[in-house]
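Each chain is listed here by its residues.
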Amino acid sequence: MRRLTAYTMGLVLIVGNLTTPGQQAARAAQPIGYPAFTGTGSIPAPPVGYSTGDTMRAIYDAEASGTDFWMDRLLARVGNDPAGTWLMSRGRAAFMYTHNPAVIGFGGNAAYWDNISSQNAYAITASPGTFTEQPAQRRQTPSHWRSVHTGGSIRLDVTKFITDNNVLVTNVAVVNTGTAAATVALNATSPYATTVSGAELTGTRAVKNNLTTVYPRFSGDGFTAANGALNRSVSVPAGQTVTVKVQLGLVATEIPESRTEYDAYRGRTPADAYATHVRAYNRWWADNVPYIDVPDAAIKKNIYYRWWLMRFNHLDADIPGQDFQFPQSIEGVTGYNNAIALTQPMHIDDLKYLRNPEYAYGPYLAVGQYSANGRFVDNPGDPENWSNSYTQYIAEAAWRAYEIHGGQPAMLRNFARYAEGDAKGQLATYDTNGNGVIEYDWGAMTGNDADAVSFHWRAGNLDRTETAYVWSAANAARDAYALLGNAAKVTEMQTLADRIRTGVVNTLWNPDRQLLEHKHVATNTHVPWKEINNYYPYAVGLMPNTAQYRQALRLFADPAEYPIFPFYTANQKDKAAANTGSNNFSTINSTVQFRLYSSVLRNYPNEWMNAEDYKKLLYWNAWAQYVDGNTAWPDANEFWADWNGSSITYRSWIHHNILGSSNWTIIEDVAGLRPRTDARVELSPINIGWSHFAVNNLRYRNADLSIVWDDPADGVVRYPGVPQGYSIFLNGTRVVTVASLVPFVYDPATGAVSVTASYSAAFPSLQAPQNVTQNSARMVDVFAKAGVDLTSTTPNLAAGSTVTASYTTSGTTTAAVIDDLPTNAPLWGSHGSPNATDWLELNLGATRTVDEARVYLRNDRATNRYRPPSAYSVQYWNGTAWVTAATTTAPQSNYNKVTFAAVNTNRLRLVFTQPSGTAKTGVTEVKLYQRGTSRSPAAIRPSSAGTTR
C-alpha cells in the first residue's frame with residue numbers, strides 16, 4: 001500500500017475480495033488524500049461580482065479605462081521567478097524563445113514561430129555608468145514585463161511588451177534620483193535591422209526552415225539611425241523622469257497588420273503605446289474566455305493559467321502553404337516548439353471552449369490539410385520534431401468542437417474526409433495482418449517513449465489498444481457524413497468502426513486475466529506489461545459495457561498498479577518488473593486519466609473507480625502545475641520526475657508547456673456539459689461535492705450558454721440573481737433549474753426537461769450545429785485556405801471536369817486538382833518538366849459562365865520539388881483561340897483567389913511560368929465559380945492574410 005505522507009489524508013477504502021483467474025485480488029483503494037496549496041494570498045478577487053450575462057466582459061469593462069486588469073493581477077509573477085525568466089508577453093508569431101532580463105529591451109533568443117538565430121531581438125544600453133537589473137523588483141504579467149535597472153543616481157524603469165501583430169516595444173523611463181541634472185546616452189541595436197533607412201533601421205531575415213521571410217523595422221522616439229544603431233541623448237533634470245520608447249516590428253508580407261501596427265506604435269507616446277496594448281491584450285480575455293468560478297481558489301487560478309497557456313502556446317503566423325497557415329496550437333514554445341499530432345486533440349479539447357471557433361478548428365484544418373488525405377501526421381514545417389502519430393484522437397476531439405460551435409455543411413465535407421482519411425490511413429499503414437487492429441514495435445512519442453513498458457517485454461510488433469482512437473476517427477467520419485445526409489458513407493464508416501471494434505475485443509481481450517492487453521504478433525501472445533494506453537478503448541466507449549469487460553477496471557482500485565498521483569504512463573507493478581526506461585509523469589498522463597474516468601463513471605459504473613478519485617485527480621493535476629504547490633508560481637513543465645512522496649524533485653527544462661489539457665474537465669465533467677449533434681442541451685455532471693460552481697458565457701452554437709450550481713442544502717446564496725439549484729442560462733436568461741446535481745436533457749424548442757424541474761422555459765432559436773452560420777472575416781479566410789467557401793453555396797464549376805496538362809510528373813495526377821480537397825496530396829505536379837511554362841486545362845463539358853478561380857499551389861519546402869510559379873495566367877477558349885482573362889505575378893503558396901470579368905467558355909486553363917531553379921509548379925486544387933458580381937477585367941485578388949483577431 002502507498003506510504004501516507006503529510007499531504008495525504010482521508011479514509012482508506014477497502015474493496016471487497018475479488019478473485020479472478022491469474023490475477024491477485026486488488027484490495028486497496030486510492031489512499032492518497034488532497035494536496036496542500038500555499039500562496040493562496042496571490043489570488044485576487046475579480047473587480048465585480050458574478051453576472052448572469054457576460055462576467056468576463058463585466059470584469060474587463062470595470063477596468064477598461066485604466067491599465068490595471070484582473071487577468072494581469074491574477075497571473076502576475078513578482079520578483080525572482082523560480083520557474084525561470086520566461087517572457088509571458090508574445091505576439092501571434094513573435095516571442096522570446098529565451099529571455100534575459102539583464103538586457104534592456106528584448107534580450108535572449110528572439111523567435112518568429114521558432115528561434116530565429118539565437119540572438120537578442122534588440123538591446124538598449126545606457127551610458128555613462130553600469131546599470132544592474134534588480135531581480136527582486138521584477139513584475140511580470142501576461143500582457144507586459146517590468147524591471148528596474150540601477151546605476152548611480154540614474155534608474156531605468158523598463159516596461160516592455162509584444163503586440164498581437166508582432167511589434168516588440170520597450171518603454172525606458174530614465175529617472176534621475178540625484179540632485180543635479182544628468183545626461184544619458186542611449187544606444188539600441190538589433191542583429192535583425194542594421195540598414196539605415198531615414199530614422200529607422202531595416203533588415204531581411206528568413207525564419208527557421210525558410211518557411212517565410214520577415215522584414216524587421218527598428219526605430220525609437222527621437223533616436224537617429226547611423227552605423228547600424230539607434231542613438232539618442234536624454235537630459236533629465238534632478239528628481240525628474242524622461243520616458244522614451246523603442247520598437248522593433250517583425251513585418252511579414254502575409255500579415256499586413258504587422259506593418260500597420262508597427263507604424264501605429266511608432267507614432268504613439270510611450271504612455272499611449274502601453275495603455276493601447278494592455279487594453280487590447282486584456283480585451284481578448286473578455287472576447288474569448290468563459291468565466292469559470294469554483295470553490296477552491298487554487299483550482300480557479302489554475303483554470304485561468306491554463307487559458308493563458310493556450311494563448312501563449314498558440315501560433316497564428318498565417319505562413320502561406322500547408323505548414324503554419326492555419327491558427328495552430330503548439331506544444332511547448334519554450335522547448336521543442338512543435339505541433340505534433342499526439343498533442344493536438346488534447347489542445348482542441350480545451351480550445352473548443354474559447355468563444356471564437358477558429359482556435360479549435362484551426363488545428364483540425366491544419367492537420368487535415370497537411371496529412372494528404374491520409375493518416376494524420378506531424379506538422380511538415382518542423383521535421384526535426386516529428387514523431388509517430390498513432391496515439392491521437394484529433395478527429396474525435398474536433399468533432400466535439402463542431403458539436404459546440406457548428407457551422408455550414410460545407411465544413412462537414414472537409415471534417416468527414418479528414419476523419420475518414422485518418423481512420424483508413426492508420427489501418428493501411430499499421431494493420432499489416434488485417435485484423436482491424438494497428439500494430440507496431442516502437443512507442444516514440446512524447447510521454448510514451450521510455451515510459452511505455454509493453455514495448456520492452458518482447459521484441460517485435462504488438463497489436464495495440466491505441467486502435468481505439470482509429471475507431472473514434474471512424475465514428476467522427478460517420479457522424480459528419482450523417483449530418484451531410486450521405487447515407488452510403490454513413491454505412492461505410494459504421495462498417496469500418498464495427499470491424500475495428502470487433503478486432504480490438506477479439507484480439508486484445510485476455511479472458512484468463514480478464515484484462516485488455518496488447519498482443520505480441522509473432523507469437524500470438526498477450527503482453528502482461530501494461531500502460532494507461534491499455535484503457536483507451538474504455539475512454540472512447542469502444543468496449544461493451546458488461547460485467548466481464550468491466551473487470552479490467554479493478555486495477556484502478558490499487559495505487560500499486562495505477563495511482564491517482566503521480567499519474568504515470570506505465571502500470572507501476574509492470575514498470576517494476578520491466579526495470580527499464582524512465583518513469584516520468586506529466587499533464588499528458590493526467591489528460592488520458594481524466595478521459596478514462598470521464599467515460600468510466602458514466603458508461604462503465606463499477607466498484608473500483610468513483611467520483612472521489614476523480615476529484616483527487618483534479619486537485620493533484622492542479623497542484624503539480626504549481627512549483628512546490630505554491631499558487632504564486634504556476635509552471636506546467638513538459639514532465640516531472642522523482643516524486644518522493646511529498647514533493648516533485650525534478651521539473652523538466654521546458655516550462656509553461658501546453659502538453660495536455662484539463663479545463664474541459666471543469667466544463668464537461670464537473671459542470672456536466674455534453675456536446676451533442678442536435679439542438680438539445682445535455683448536462684451529465686460528475687458530482688465531486690462542490691457546493692457551487694459557475695461556467696459563464698460559453699459560446700454554444702448561436703447562443704451564449706451558462707451553467708450554474710448552487711447547492712440548496714446549505715442555504716447560502718452565492719450568485720446574485722441566480723436561484724439555488726442547477727441551472728442553465730441562454731443569452732443571460734434562465735431556461736432551466738433543477739433542484740439537485742443530476743443528469744438531464746433540455747429541449748429548447750419546447751422547454752421540456754428530462755427530469756423534474758423547478759423551472760423551465762423554451763428557447764426555440766437555439767440551433768443544431770449544421771444550422772449555424774460562421775461568417776466572421778477570420779473564419780471565412782481560414783476555411784477558404786482549406787478549400788471551403790463559407791460565403792456562398794454557388795456550385796464549383798470545376799467539379800466533373802476533364803483535366804489535361806502539358807506535363808505531368810509520374811506519381812501525380814491531373815484528377816487531383818478536382819477532388820474538392822486541397823490537401824498536400826494528391827496533386828498535379830510538373831517536377832522534371834523541361835518547359836519554361838506549363839499549362840493545366842479544365843474541359844467543363846459544356847459552356848459555363850466563369851468569373852472567379854481559386855488556385856491552390858503546392859510548396860514542398862522539405863524536398864524542394866514544388867514552389868509557386870513566378871507568374872500564372874487564367875485563359876479561356878473563345879472557340880478559336882486562348883484568351884487571357886487574368887494574370888498575376890505574385891502567386892502565393894496554397895490559396896490564391898483570382899477574379900475577372902465574366903467569360904462564357906467550355907474550356908479554361910492555367911498557364912504557369914515556372915519558378916527559377918529546379919523546383920516546379922504543383923497544384924492541389926482548382927475551383928471555378930460564377931459569382932455574378934461586377935468585376936474589373938483581369939483583376940487579381942490574392943488570398944487575404946492575417947486578419948485581426
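All of these numbers come straight from a predicted model, not from anything done at the bench.

Caption draft 1: View of the overall build of the chain. Counting secondary structure elements, the chain contains 18 helices and 47 strands. Taking 2.2 N^0.38 as the reference for a compact globule, 949 residues should give roughly 30 Å; the C-alpha atoms of the chain span a radius of gyration of 29 Å, in line with that estimate. The C-alpha extent of the chain, read off along each of the three principal axes, is 90 × 80 × 60 Å. Sorting the 949 residues of the chain into buried and exposed places 63% on the buried side. For the chain, contacts bridging at least 24 residues in sequence account for 69% of all contacts bridging at least 6.

Caption draft 2: The pairing of strand β44 (residues 882-888), seen in detail. Here strand β43 (residues 871-877) pairs with β44 via 6 bridges, running antiparallel. Counted as the bridge partner of Trp-877 is Trp-882 from β44. Between the antiparallel neighbours β43 and β44 lie 4 residues, among them Gly-879 with a positive phi of about 110°.

Caption draft 3: Expanded view of the sheet that holds strand β12 (residues 182-189). One open sheet holds the 5 strands; their spatial order is β3-β6-β12-β18-β17, and the pairing between them is antiparallel. Strands with a single pairing partner mark the edges of an open sheet, and in this sheet they are β3 (104-106) and β17 (224-226). Each strand axis lies, on average, 20° off the axis of its neighbour in the sheet, ignoring direction. The sheet contact formed by strand β6 (residues 122-127) and β12 spans 5 bridges and is antiparallel. When the sheet's bridge partners are listed, Ala-126 is paired in β12 with Leu-186.

Caption draft 4: Spatial organisation of the pattern of salt bridges. All chains considered together, the criterion is met by 55 salt bridges. Note that Arg-778 and Glu-358 form a salt bridge whose closest N and O atoms lie 3.7 Å from each other. Within this pair, whereas Arg-778 is found in helix α18 (residues 777-784), its partner Glu-358 is found in helix α7 (residues 358-370), the two being separated by 420 residues in sequence. For Arg-778, a relative accessible area of 4% puts it in the buried group. Residue Glu-466 is joined to Arg-464 by a salt bridge in which the shortest nitrogen-to-oxygen separation is 2.9 Å. Taken individually, Glu-466 and Arg-464 each receive the classification buried, so the pair is uniform in this respect. Within this structure, Arg-92, Asp-316, Asp-318, Glu-358, Arg-778, Asp-781 and Lys-785 form a network of salt bridges that share partners.

Caption draft 5: Focus on the sheet that holds strand β5 (residues 114-115). With antiparallel pairing, 3 strands are arranged side by side in an open sheet as β2-β4-β5. Both outer strands of the open sheet, β2 (94-99) and β5, are each paired with one neighbouring strand and no more. Direction of pairing for β2 relative to strand β4 (residues 108-112): antiparallel, over a ladder of 5 bridges. Opposite Phe-95, over in β4, you have Ala-111 as the bridge partner.

Caption draft 6: How the structure looks around the packing of aromatic side chains. Following the criterion strictly, the structure yields 62 aromatic pairs and no others. Ring plane angle 85° and centroid distance 5.9 Å describe the contact between Tyr-361 and Phe-783, whose orientation is recorded as edge-to-face. In this pair, Tyr-361 is assigned in helix α7 and Phe-783 in helix α18, connecting sequence segments 422 residues apart. The pair Tyr-361 / Phe-783 is uniform in exposure class, with both members buried. Ring centres of Tyr-364 and Phe-376 lie 6.2 Å apart, and the angle between their planes is 85°; on these two criteria the pair is classed as edge-to-face. Pair noted here: Tyr-364 is in helix α7 and Phe-376 is in the loop between α7 and α8 (394-405), with a separation of 12 residues, a long-range link. When its relative accessible area of 1% is taken as the criterion, Phe-376 is described as buried. Every member of this aromatic cluster is reached through a ring pair, and the members are Tyr-361, Tyr-364, Phe-376, Trp-399, Tyr-402, Phe-415, Tyr-418 and Phe-783.

Caption draft 7: Inspection of the nonpolar core at higher detail. Counting residues in each nonpolar core, the largest one holds 239 residues, and the members touching the most others are Tyr-538, Phe-565 and Leu-673. Within the second largest apolar cluster, 26 residues are counted, among which are Ala-798, Val-903, Phe-912 and Leu-928.

Caption draft 8: Just the pairing of strand β16 (residues 213-220), in detail. Of all 8 residues making up β16, 6 are buried, and the element is well covered by its neighbours. In this sheet, β16 lies alongside strand β14 (residues 200-202) in antiparallel orientation, the contact comprising 2 bridges. Note on β16: the bridge partner recorded for Thr-202 is Arg-217. Where strand β15 (residues 205-206) meets β16, 2 bridges bridge the pair, whose relative direction is antiparallel. Across the sheet, Ala-206 pairs through a bridge with Thr-213, a residue of β16. Counting the residues between successive antiparallel strands, the hairpin from β15 to β16 contains 6 residues, one of them, Asn-209, with a positive phi of roughly 60°. Sheet analysis places β16 next to strand β19 (residues 241-252), joined by 7 bridges and oriented antiparallel. Within the sheet, the bridge partner assigned to Arg-217 lies in β19 and is Gly-249.

Caption draft 9: The packing of helix α9 (residues 409-430) against helix α10 (residues 467-484), seen in detail. Two elements in contact, α9 and α10, have axes separated by 8 Å at closest approach and are oriented at 150°. On the basis of the axis angle, α9 is roughly antiparallel to α10. Considering only the axes of α9 and α10, their crossing is left-handed. Contacts between α9 and α10 involve Pro-409, Leu-412, Arg-413, Ala-416, Arg-417, Ala-419, Glu-420, Asp-422, Ala-423, Gln-426 and Leu-427 from the first element and Val-470, Ala-473, Ala-474, Ala-476, Ala-477, Ala-480, Tyr-481, Leu-483 and Leu-484 from the second. Residues belonging to the contact of α9 with α10 are distributed by class as follows: 15 nonpolar, 1 polar and 4 charged.

Caption draft 10: Quick look at the packing of α7 against α8. One can describe the packing of α7 onto α8 by two numbers: an axis separation of 10 Å at closest approach and a directional angle of 140°. Taken together, the axes of α7 and α8 lie oblique to each other. When you trace α7 past α8, the crossing you get is left-handed. Contacts from Ala-360, Tyr-361, Tyr-364 and Val-367 in α7 reach Ile-394, Ala-395, Ala-398, Ala-401, Tyr-402 and His-405 in α8.

About the criteria used
- Residues numbered from 1 in each chain as written.
- Predicted model: local features only at pLDDT ≥ 70, side-chain atom pairs only at ≥ 80, totals over all residues.
- Heavy atoms only, no water.
- Helix = DSSP H or I, 4+ residues; strand = E, 2+ residues; numbered from the N terminus.
- Rg over C-alpha atoms; globule rule 2.2 N^0.38 Å.
- Buried < 20%, exposed > 50% of the residue type's maximum accessible area, 1.4 Å probe, protein only.
- Contact = heavy atoms within 4.5 Å.
- Pairing = 2+ DSSP bridges.
- Axes fitted to C-alpha atoms, helices over the stretch in contact; angles between N-to-C directions.
- Salt bridge = Lys/Arg side-chain N within 4 Å of Asp/Glu carboxyl O.
- Phe/Tyr/Trp six-rings, centres within 6.5 Å; stacked < 30°, edge-to-face > 60°.
- Core = buried A, V, L, I, M, F, W, Y, C linked by side-chain atoms within 4.5 Å.
- Parallel < 35°, antiparallel > 145°, perpendicular 65-115°, else oblique.
- Left-handed = near helix turned anticlockwise from the far one by under 90°.
- Nonpolar A, V, L, I, M, F, W, Y, C, P; charged D, E, K, R; others polar.

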